[in-house]
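Spelled out from the first residue to the last, the chains are:
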Amino acid sequence: VVEVLASSVKIAERAGQIVRDIMAGGKLGIVEKTGKNDLQTEADRSAQECIVASLLAQFPNLKVVGEEGEQDLSKVPAEFIVKEQDEAALKIKCADEFKNAKIEDLTVWVDPLDGTAEYTQGLLDHVTVLIGVAIGSQ
């Protein structure tokens, strides 16, 4: 559990940099997912590719659910793949009830760009990368 958490921290940092880089480049690639109030940008797609591909590279049996749906990860740029873990997170003491959790017990929930509407308005301080780890039903 702690290893998945430590990887998620580093991966979230990289995904956040991707989000900032796309904003700086000015080509947001905005599309409507289900309507005008449900937008998706290139930052959503790219950040999710980074997160999912990185997690699966480190933990092939991990179940990962992304808000942007399933994606073809075969063409994810190598610079998007994070292989490191956060050293501080590795020092976190895992609760006794979760110490024996297996990778198959985990589900990682991903919102690669929480606050897409704000992002499209240039409000970068109002968005975040969310990675949640669930163990069983908790």
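Cut-off values and rules
- Residues numbered from 1 in each chain as written.
- Predicted model: local features only at pLDDT ≥ 70, side-chain atom pairs only at ≥ 80, totals over all residues.
- Heavy atoms only, no water.
- Axes fitted to C-alpha atoms, helices over the stretch in contact; angles between N-to-C directions.
- Helix = DSSP H or I, 4+ residues; strand = E, 2+ residues; numbered from the N terminus.
- Parallel < 35°, antiparallel > 145°, perpendicular 65-115°, else oblique.
- Left-handed = near helix turned anticlockwise from the far one by under 90°.
- Contact = heavy atoms within 4.5 Å.
- Nonpolar A, V, L, I, M, F, W, Y, C, P; charged D, E, K, R; others polar.
- Expected span 1.5 Å × (residues − 1).
- Buried < 20%, exposed > 50% of the residue type's maximum accessible area, 1.4 Å probe, protein only.
- Polar contact = N/O pair within 3.5 Å; in protein donor to acceptor, adjacent residues only side chain to side chain.

K.L.:
Explain the packing of helix 1 (residues 2–25) against helix 2 (residues 42–58) to me, please; I cannot follow it from the model alone.
P.N.:
Two elements in contact, helix 1 and helix 2, have axes separated by 9 Å at closest approach and are oriented at 155 degrees. With respect to each other, helix 1 and helix 2 are oriented roughly antiparallel. Of the two elements, helix 1 crosses helix 2, and the hand of that crossing is right-handed. The segment helix 1 lies against helix 2, with Ser7, Ser8, Ile11, Arg14, Ala15, Ile18, Val19 and Ile22 engaging Glu42, Ala43, Ser46, Ala47, Cys50, Ile51, Ser54, Leu55 and Gln58. A class-by-class count of the residues in the contact of helix 1 with helix 2 yields 10 nonpolar, 5 polar and 2 charged.

K.L.:
Can you help me understand helix 2 in this one?
P.N.:
Every α-helix carries 3.6 residues per turn, so stepping three or four residues along brings you back to the same face. End to end, helix 2 covers 24 Å across 17 residues, agreeing with the expected 24 Å (1.5 Å per residue, within 8%). For helix 2, a buried count of 13 out of 17 residues is recorded, marking the element as mostly surrounded by other parts of the structure. Two or three places before Ala43, at the opening of helix 2, Thr41 has a side-chain oxygen 3.2 Å from that residue's backbone nitrogen.

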